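Reading the structure
Listed below, chain by chain, are the residues.
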Amino acid sequence: GAVVSQHPSWVICKSGTSVKIECRSLDFQATTMFWYRQFPKQSLMLMATSNEGSKATYEQGVEKDKFLINHASLTLSTLTVTSAHPEDSSFYICSAVDPGTGYNEQFFGPGTRLTVL
Amino acid sequence: AQSVTQLGSHVSVSEGALVLLRCNYSSSVPPYLFWYVQYPNQGLQLLLKYTTGATLVKGINGFEAEFKKSETSFHLTKPSAHMSDAAEYFCAVRGSGNTPLVFGKGTRLSVIA
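Notes on the structure follow.

Rules used in this analysis
Residues numbered from 1 in each chain as written. Chains lettered and ligands numbered in written order. Predicted model: local features only at pLDDT ≥ 70, side-chain atom pairs only at ≥ 80, totals over all residues. Heavy atoms only, no water. Helix = DSSP H or I, 4+ residues; strand = E, 2+ residues; numbered from the N terminus. Rg over C-alpha atoms; globule rule 2.2 N^0.38 Å. Buried < 20%, exposed > 50% of the residue type's maximum accessible area, 1.4 Å probe, protein only. Contact = heavy atoms within 4.5 Å. Areas by Shrake-Rupley, 256 points an atom, 1.4 Å probe, with all protein chains shown as cover. Lys, Arg positive; Asp, Glu negative; His and termini not counted. Charge placed at Lys NZ, Arg CZ, Asp CG, Glu CD. Phe/Tyr/Trp six-rings, centres within 6.5 Å; stacked < 30°, edge-to-face > 60°. Buried area = accessible area lost by both parts, 1.4 Å probe. Salt bridge = Lys/Arg side-chain N within 4 Å of Asp/Glu carboxyl O. Polar contact = N/O pair within 3.5 Å; in protein donor to acceptor, adjacent residues only side chain to side chain. Nonpolar A, V, L, I, M, F, W, Y, C, P; charged D, E, K, R; others polar.

1. A look at the overall build of chain A
Helix and strand counts for chain A stand at zero helices and 11 strands. For chain A, the α and β elements follow one another from N to C terminus as β-β-β-β-β-β-β-β-β-β-β. Computed over the C-alpha atoms, the radius of gyration of chain A is 13 Å, within 12% of the 13 Å expected from 2.2 N^0.38 for a compact globule of 117 residues. Across the 117 residues that make up chain A, the buried fraction comes to 52%. Restricting the contact set of chain A to residue pairs at least 6 apart, pairs at least 24 apart contribute 54%. Element-wise, carbon and sulfur atoms account for 53% of the exposed surface of chain A, whose accessible area totals about 5,700 Å². Positive and negative side-chain charges of chain A, numbering 9 and 10 respectively, have mean locations separated by a distance of 8 Å.

2. Comments concerning the packing of aromatic side chains
In total, this model carries 12 aromatic pairs over all chains according to the counting rule given. Between F90 of chain B and F103 of chain B, the aromatic rings sit 6.3 Å apart at their centres with planes inclined by 90 degrees, giving edge-to-face as the arrangement. Residue F90 of chain B is located in strand 9 (residues 87-94), and its partner F103 of chain B is located in strand 10 (residues 102-103); the two are separated by 13 residues in the primary sequence. Take F103 of chain B: its relative accessible area is 9%, and that puts it in the buried class. Through pairs of rings, three or more aromatic residues link up here, namely Y36 and F108 of chain A together with F34, Y36, F90 and F103 of chain B.

3. Considering the interface of chain B and chain A
Between chain B and chain A, the contact holds 20 residues from the first and 18 residues from the second. Roughly 1,500 Å² is buried in total at the junction of chain B and chain A, and carbon and sulfur atoms are behind 55% of that figure. If you look at where chain B meets chain A, you find one salt bridge. Residue K49 of chain B pairs with E105 of chain A through a salt bridge whose shortest N-O separation is 3.7 Å. Taken together, the connections running from chain B to chain A amount to five residue pairs in polar contact (both at pLDDT 80 or more). Residue assignment for the side of chain B that touches chain A shows that the elements contributing at least two residues are strand 4 (32-38), strand 5 (44-50) and strand 9 of chain B. Residue composition of the side of chain B that touches chain A, by class: eight nonpolar, nine polar and three charged.

Below, the structure is given as structure tokens:
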């Protein structure tokens with residue numbers, strides 16, 4: 001299957017700082033990527049849909065000014081957590097849609113664990 | 001709109017016993033259905049998926065699931081549990097096109113020696 005990478009795999013930052021997480025499709029071009037958030041012992045919740053060359057679509061309750069998403073190329077989407085606070089500590093997972101699979105299969109990255117002190 | 005209900009947040013079975021994790025879905029369009037496994041502090045691993053065709057789907061590690069449209073179910077089974085199967089399992093649904101996956105709340109599987 002196709003491979004999606006995320007960087008970094010984990011990050012610890014101080015409250016008030018910004019953190020950028022990268023999601024890359026390594027062997028296919030993804031016009032659409034999704035960002036999910038998973039709090040401890042909970043399920044994955046969709047944060048936003050990222051489309052190459054256009055503004056991201058955010059789910060209800062997700063602050064677009066806090067979670068900046070940029071999908072500047074067909075293989076890279078970035079999520080920037082601005083002015084991070086301890087309540088933003090979570091596991092962030094991206095997925096990328098491979099249009100070449102026939103049914104737009106989504107492949108998940110390994111996730112990024114963010115801890116805000 | 002789609003949604004998934006996983007019955008039982010925690011299932012415990014003995015090693016060698018049958019594993020049955022229940023998943024019911026709601027979808028206004030023909031669904032694509034998935035089961036993922038997540039080990040502690042790790043990402044998601046795809047176990048199996050149903051898109052079209054055969055309703056009994058076989059996946060990795062001996063797992064299988066059957067799509068039953070009349071029951072709107074996609075239960076996950078494995079004939080004989082192994083200690084290494086202990087993990088969190090997520091059922092997910094999506095429609096066609098570039099629609100995101102919608103996940104159930106997850107079921108934690110414990111395997112007792």
